[in-house]
Amino acid sequence: MTFSLSNDIPQVDLSHHLSSEARMRKPNPMKAIWKLTRRKPNMVSLANGDPHFSLYPIRRIEYEMASVEEADPVAAWRKAGPSAASTKLVSSTYEPCALPLQTGLQYSHGAGLPDAQRVVTELTKYYHSPPDHVCTLALGNSDGIAKCFRLLGEPGDHFLADEFSFSSITNVPLSQGIKWASVKMDDGGIIPEDLEKVLANWNPERGRRPHVLYIVPCGQNPTGSTLSLERRKQIYEISQRFDLIIIEDDPYYYLQYASLSAPTTDFSTPFAPSLLSMDLDGRVLRVDSFSKIMAPGMRLGWITSSAFFHEHLVSYTDGSTHHPHGFGQMLITELLSGPNGWQVEGFDRWVRSLRAEYHRRRALFLSLFEREVAPTGLARAAVPEAGMFVWIRVALENHPRYRADLRHVPGGNRRGPRTNCAALMDELFERCLDAGLVIMPASIFALPEDEKFADTEDPVHDRMNYLRATFAGTEEAMEQGLAILGQTLREFFANTDGPK
């Protein structure tokens, strides 16, 4: 059974975007037969090698979850500790529950267990109301994105992404022979005009024009930037004109904040419309996850796509990872539809309460930054509108050893960096480590460039004077870390002799 978010809107034929691998892949015939078992009730099966549930050495699982009946459930859960109000969910072989254990721990097919697929479909409809899409369960964001890359990419292709992107993801398609074409960013995220410029001026010597855009619209990792509604509309319109598929990776969607001047992000503050919610053509594949809103080790997420791409995702899953683990699927099914579960409305209270907590953490981080780092005049922090990260600009142009003439020195590369920004930032990173602080340098997030086609007017190597810090950790870590950063910057900018 497939659960669809259908409004019966005809979609554009996008089959030409499939990779050769996806076209050649055949459906798993065993899984195809499994679907037929739902043709009529009480089918007798001598087909599958499924161990009988009476032989499972487990018959009951109990989850103690936070109560969402309080006015601010996250604050109540965090402050009260072991005595906090809770609700208990049960997955059982014999007791009433939404997804019985004997079903949840059996083999399924690539879309996931039907009950679990149904609840994420309802969740997606609640927040996005996409015109005509289907949900496919995955093993968290990374698994879902990797499958989208395999579905769409050919060796020699270029995919588009923010010039600074999460390297754990952008490294994934490199082994497929896929390269990246970067799009410039500013404080508001990816710049639509630069996206259009890259596409309109694409040099055929590089191969075919990019047909896939990977994007994180809320709380982008690493920059913390969030796309405005206007930019989202522009990006979707460009994707229609240039026939792009958009992979919308949105793990921080539920962590969207009011302005820093507001004491909190009120529960009534709406979430920004997603690209999925605008998708009339079926060209958006959206990837969601429970990692940032429940627990990262759950490794459970879902892809929302057109029915066409859904079928190919299921075929790939059935021939590779197979469906996600039953334990996570049982948990979300009980949580979102079980007799004692939160239901979707309770989930909504939790995530709105959670973002209020992260609003508080963001405010604390930035107040500590103002106390420990800003007085140096050597760095400034961008205020993120979503997510968990703060993008810190280091004023390298004020460093006594900063140089902007590297192209003109004897032996200088006329197409290379103008400045020694990258070398100075490497030195600063080492000094932070020596002082006991781990903080992420921009260099590890910069998309690799083909020097032959790189932007020589404004090379990314000259714009690596940034650090990524998080406010997801403890208050003690924030206070200690920013104190170290402030002192390290003072010492680094006072040094005129180079590395020790």
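Now for a look at the structure at hand. All of these numbers come straight from a predicted model, not from anything done at the bench. Within every chain, residues take consecutive numbers counted from 1 along the sequence as written. Only residues with pLDDT of at least 70 are given local features in this predicted model, and only at 80 or more are side-chain atom pairs given and counted; all residues enter the totals for whole chains, interfaces and linings. Side-chain figures throughout are based on the complete set of non-hydrogen atoms in the structure, without hydrogens or water.

Focus: the state of the cysteines
In plain terms, the rule: By disulfide we mean two sulfur atoms from cysteines, separated by a distance within 2.5 Å. Each residue is assigned to one of three classes by its accessible area relative to the maximum for its type, calculated with a 1.4 Å probe on protein chains only: buried under 20%, partly exposed between the two thresholds, exposed over 50%.
Applying the stated criterion across every chain, the model contains zero disulfides. Its sulfur unpaired, Cys-135 is 12 Å from the next cysteine sulfur, which belongs to Cys-148. By relative accessible area, Cys-135 is classed as buried at 0%. Free of any disulfide, Cys-218 has its nearest cysteine sulfur in Cys-135, 17 Å distant.

Considering the pairing of strand E16 (residues 466-470)
Convention followed: Note on conventions: DSSP H or I runs of at least 4 residues are helices, E runs of at least 2 residues are strands, and numbering of each starts at the N terminus. Any two strands with at least two DSSP-identified bridges between them are counted as paired.
Along E16, four of the five residues are buried, which leaves the element largely enclosed by surrounding structure. Relative to E16, strand E14 (residues 389-394) runs antiparallel, the two being bridged by five bridges. The residue bridging Trp-391 from the neighbouring strand is Arg-468, located in E16. Where strand E15 (residues 440-441) lies against E16, two bridges are found, and the strand directions are antiparallel. By the bridge assignment for E16, Met-440 is matched with Arg-468.

As for helix H9 (residues 229-241)
Heads up, the condition is: Expected span of a helix: the number of residues minus one, times 1.5 Å. This arc corresponds to the set of directions leading from the helix axis out to the C-beta atoms. Whether two residues are in contact is decided by their heavy atoms, any of which lying within 4.5 Å being enough.
Here H9 contains 13 residues, and its C-alpha end-to-end distance of 19 Å stays within 8% of the 18 Å for a straight helix at 1.5 Å per residue. The complete set of buried residues in H9 reads Arg-231, Arg-232, Ile-235, Tyr-236, Ile-238 and Ser-239. All buried residues of H9 lie within an arc of 160° about the axis, which places them on one face of the element. Contacts from the buried residues of H9 go to strand E7 (185-186), strand E8 (189-190), helix H8 (192-200), strand E9 (212-215), strand E10 (245-249) and strand E11 (284-289). A positive backbone phi angle near 55° is found at Asp-243, which sits one or two residues after H9.

Considerations on the nonpolar core
Threshold: We define a nonpolar core as any set of buried Ala, Val, Leu, Ile, Met, Phe, Trp, Tyr and Cys residues linked to one another through side-chain atoms lying within 4.5 Å.
Counting residues in each nonpolar core, the largest one holds 81 residues, and the members touching the most others are Phe-290, Phe-347 and Leu-485. Element by element, the count of residues in this core is highest for helix H12 (residues 343-372), at ten residues. The residues touching Leu-485, leaving out its near neighbours within four places in the chain, are Val-373, Ile-392, Cys-432, Leu-437, Ile-439 and Leu-467. In terms of nonpolar packing, the next biggest core, distinct from the first, is built from 25 residues, Leu-151, Ile-178, Ile-247 and Phe-309 among them.

Describing the sheet that holds E14
Heads up, the rule is: All axes are obtained by fitting lines to C-alpha atoms, using only the stretch in contact for helices, and the reported angles, taken between N-to-C directions, cover 0 to 180 degrees.
Strand order in the open sheet formed by four strands is E13-E14-E16-E15, with antiparallel pairing between adjacent strands. Looking at which strands have only one partner, the edges of the open sheet turn out to be strand E13 (379-381) and E15. Here H12 sits on the sheet and contacts E13, E14 and E16; the angle it forms with E13, its principal contact strand, is near 160°.

What about the environment of Gln-176?
Here Gln-176 shows up in the loop between helix H7 (167-170) and strand E6 (179-183). Ignoring anything within four residues of it in the chain, the contact list for Gln-176 reads Phe-149, Arg-150, Gly-153, Glu-154 and Pro-155.

Some points on the packing of aromatic side chains
To keep it simple, the criterion reads: Two rings from Phe, Tyr or Trp (for Trp, the six-membered ring) form a pair when their centres sit within 6.5 Å of each other. Planes less than 30 degrees apart are called stacked, planes more than 60 degrees apart edge-to-face, and all others tilted.
Scanning the entire structure with this criterion turns up 22 aromatic pairs. A ring pair is formed by Tyr-126 and Tyr-127, whose centres lie 4.9 Å apart and whose planes are at 75°; its orientation type is edge-to-face. Judged by relative accessible area, Tyr-127 falls into the buried class, the value being 13%. An angle of 85° between the planes, with centres 6.0 Å apart, marks the rings of Tyr-252 and Phe-389 as edge-to-face. On the criterion of sequence distance, the pair formed by Tyr-252 in the loop between E10 and E11 and Phe-389 in strand E14 is long-range, its members being 137 residues apart. Each of the two residues, Tyr-252 as well as Phe-389, counts as buried. The structure contains a cluster of three or more aromatic residues connected by ring pairs, namely Tyr-126, Tyr-127, Tyr-253, Tyr-254, Phe-271 and Phe-347.

A look at the side chain of Gln-106
Let me state the cut-off plainly: Here a polar contact means two N or O atoms within 3.5 Å. Within protein one must be a hydrogen donor candidate and the other an acceptor candidate, and residues neighboring in sequence count only if both atoms are side-chain atoms.
Summarising the element assignment, Gln-106 is placed in the loop between helix H4 (101-104) and helix H5 (114-128). Within the structure, Gln-106 has its side chain in polar contact with the backbone oxygen of Pro-51 (distance 2.9 Å). A distance of 3.0 Å separates polar atoms of two side chains, one belonging to Gln-106 and the other to Tyr-56. The residues touching Gln-106, leaving out its near neighbours within four places in the chain, are Asp-50, Pro-51, Tyr-56 and His-323.

Let's talk about unusual backbone geometry
In this chain, Asn-221 is followed by Pro-222 through a cis amide linkage whose omega measures 25°. On the secondary structure map, Pro-222 appears in the loop between E9 and H9. Look at Ser-129: it is not a glycine, yet its phi comes out positive at around 45°. Tracing the backbone through its elements, the reader meets Ser-129 in the loop between H5 and strand E4 (132-138). Of note in the backbone geometry, Arg-299 takes a positive phi value of approximately 45° without being a glycine. Along the chain, the position of Arg-299 falls in the loop between E11 and strand E12 (301-305).

Digging into H8
All of the buried residues in H8 are Pro-192, Asp-194, Leu-195, Val-198 and Leu-199. Here the buried residues of H8 occupy an arc of 165° about the axis, which is enough to place them on one side. Of the residues in H8, the exposed ones pointing more than 90 degrees away from the buried face are Lys-197 and Ala-200. Buried residues in H8 make contact with strand E5 (158-162), E6, E8, E9 and H9.

A short note on the pairing of E14
Counting buried residues along E14, five of its six residues qualify, which places the element largely inside the surrounding structure. Pairing geometry for E13 and E14, over three bridges, is antiparallel. What sits directly across from Arg-380, in E14, is Arg-393.

Overview of the side chain of Arg-355
Convention followed: His is not counted, nor are the chain ends; Lys and Arg add positive charge and Asp and Glu add negative charge. Salt bridge, as applied in this entry: a Lys or Arg side-chain nitrogen positioned within 4 Å of an Asp or Glu carboxyl oxygen.
Tracing the backbone through its elements, the reader meets Arg-355 in helix H12. Although Arg-355 lies buried, it forms no salt bridge, and the closest oppositely charged side chain, Asp-266, sits 7.0 Å away as judged by the N-O distance. Among residues more than four places away in sequence, those in contact with Arg-355 are Tyr-254, Leu-255, Gln-256, Tyr-257, Thr-265, Asp-266, Phe-267, Thr-269, Pro-270 and Phe-271.

A short note on the packing of helix H6 (residues 140-152) against helix H10 (residues 307-318)
Threshold: Oblique is the label for every angle not falling under 35 degrees (roughly parallel), over 145 degrees (roughly antiparallel), or within 65 to 115 degrees (roughly perpendicular). Ten residue types, Ala, Val, Leu, Ile, Met, Phe, Trp, Tyr, Cys and Pro, are classed as nonpolar, four, Asp, Glu, Lys and Arg, as charged, and the remainder, Gly among them, as polar.
For the pair H6 and H10, the least separation of the axes is 10 Å and the interaxial angle reads 105°. In terms of orientation, H6 lies roughly perpendicular with respect to H10. Along the contact surface, H6 presents Lys-147, Cys-148, Arg-150, Leu-151 and Leu-152, while H10 presents Phe-309, His-312, Leu-313, Tyr-316 and Thr-317. For the contact of H6 with H10, the per-class residue count stands at six nonpolar, two polar and two charged.

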